[in-house]
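Examining the three-dimensional arrangement
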Amino acid sequence: MQTIGIMSGTSLDGMDAALVDFDAHDRPTLSAHCYQPYPLALVERLRAMDAQAPLAEVLSLDAALAGHYAQLVAQLLTEADCPASRITAIGLHGQTIWHHPQGDPAVTCQIGDPARLAEQTGIRVVAQFRQRDMAAGGEGAPLAPVFHTALFATETPRAVINLGGIANITLLDGEGQIVAGFDCGPANTLLDAWARQALGRRFDEHGQWAASGTVDQRLLAQWLSDPYFAAAPPKSTGPEVFNLRWAQAAMTGHEAPADVQATLAELTARSIAMALDGCTPAPTDVVICGGGVHNADLMARIRTASRCPVHTAEALGYPSAAIEAMGFAWLARAAVRGDALDLREVTGARHPVRLGAIYPA
């Protein structure tokens, strides 16, 4: 079976697609991976999305994103020299524009119309993964831990950290089982937002600007006092909570901009270290994946804050940028097969559930 996974995260930089082969033992192999940046005009529209966004704009973006995802699939299949007829399904995460698991009722919204994507590609699409988990009482996120088990399980306890817009952790017990999985806190979302505001740049390349600053211990302590970091899992979050308004509420206005960036990077490293310290059994190593692996300053801070060896996914033979997209290819396969996935230790779902809604080709 061959499936495609598409991921576009809260960093809002672009879209990743992965073509994944599965053998008879359910082992995934990455056959091809490609990336397309979002057009800047689309990025600005997406950044304007919040709970007060006009319905017409939400629906317009929903349709527009499907077209971008279809172009991404076409690029992937061309580069892989693979006809669409060989693909069993596309697993589409969609672009999250609102995630509020503490609401009454809990809600989440990912856009990128799967019906249009199925129509434009001629391939069955599986989407709306988070919604079914929430319906079963879960947080709806993170969903990557079930795939991390398939890819990174080893004979000793291991932690897997994904550095996207938000950082999330998976703890594996050494016997192929998930012990826990949850969002640690902000990663690229705040680093990128501050770089845009203070420098007018999309991001702080390699973390060079953060490396030039000095951590403001008062500011760091204030940020780390947020109840989210001390809350017990299951828990998930997003830029709805961790945004510049949240960060600036603790600032005096007299901080040097580079010091703020350094402190934001330290916040990510410390919140990850806090999550690792709370893990039982204690991991013997940590695998880092996601776009944040390219931030040398952030990686150095994580290595300093962690108490065990830290590797990147590349060191284990996988492109870091492809891991989440591979995960949604894996989730699409599970949906097509009708597998119920056990996320009780991750999202808090009441029972194993079949994730995803299927849109026929």
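Residues numbered from 1 in each chain as written. Predicted model: local features only at pLDDT ≥ 70, side-chain atom pairs only at ≥ 80, totals over all residues. Heavy atoms only, no water.

Per an unreviewed UniProt entry, the recorded name for the protein chain is Anhydro-N-acetylmuramic acid kinase, and the organism is Spiribacter salinus M19-40. Comment text from UniProt for the protein chain, heading Function (unreviewed entry), reads "Catalyzes the specific phosphorylation of 1,6-anhydro-N-acetylmuramic acid (anhMurNAc) with the simultaneous cleavage of the 1,6-anhydro ring, generating MurNAc-6-P. Is required for the utilization of anhMurNAc either imported from the medium or derived from its own cell wall murein, and thus plays a role in cell wall recycling." Annotation of the protein chain in UniProt includes, under Catalytic activity (unreviewed entry), the sentence "1,6-anhydro-N-acetyl-beta-muramate + ATP + H2O = N-acetyl-D-muramate 6-phosphate + ADP + H(+)". (UniProt positions renumbered as here; feature names shortened; annotations may be inferred.)

1. Topic: the nonpolar core
In terms of nonpolar packing, the biggest core is built from 44 residues, with Leu163, Ile169, Trp223, Trp246, Ile272, Val286 and Ile288 touching the most fellow members. Among the elements that line this core, the one with the most residues is helix 11 (residues 257-277), at 9 residues. The residues contacting Ile169, other than those within four sequence positions of it, are Pro145, Ala159, Val160, Ile161, Ala180, Gly181, Phe182, Cys184, Ala275, Leu276 and Cys279. Counting residues in each nonpolar core, the second largest holds 36 residues, with Met7, Val20, Phe147 and Ala334 among its members. (Core = buried A, V, L, I, M, F, W, Y, C linked by side-chain atoms within 4.5 Å. Buried < 20%, exposed > 50% of the residue type's maximum accessible area, 1.4 Å probe, protein only. Helix = DSSP H or I, 4+ residues; strand = E, 2+ residues; numbered from the N terminus. Contact = heavy atoms within 4.5 Å.)

2. Thoughts on the domain arrangement of the protein chain
Split by domain assignment, the protein chain resolves into domain 1 (2-143 + 322-359) and domain 2 (147-320). Distance from the C-alpha centre of domain 1 to the C-alpha centre of domain 2: 23 Å. Taken together, both faces of the contact between domain 1 and domain 2 bury some 2300 Å²; the carbon and sulfur share is 59%. Within the residue set of the side of domain 1 that touches domain 2, elements represented by two or more residues are strand 3 (28-37), helix 1 (40-47), strand 5 (95-100) and helix 13 (323-337). At 5 residues, the largest contribution of residues to the side of domain 1 that touches domain 2 is made by helix 13. (Domains from an automatic or database assignment. Buried area = accessible area lost by both parts, 1.4 Å probe.)

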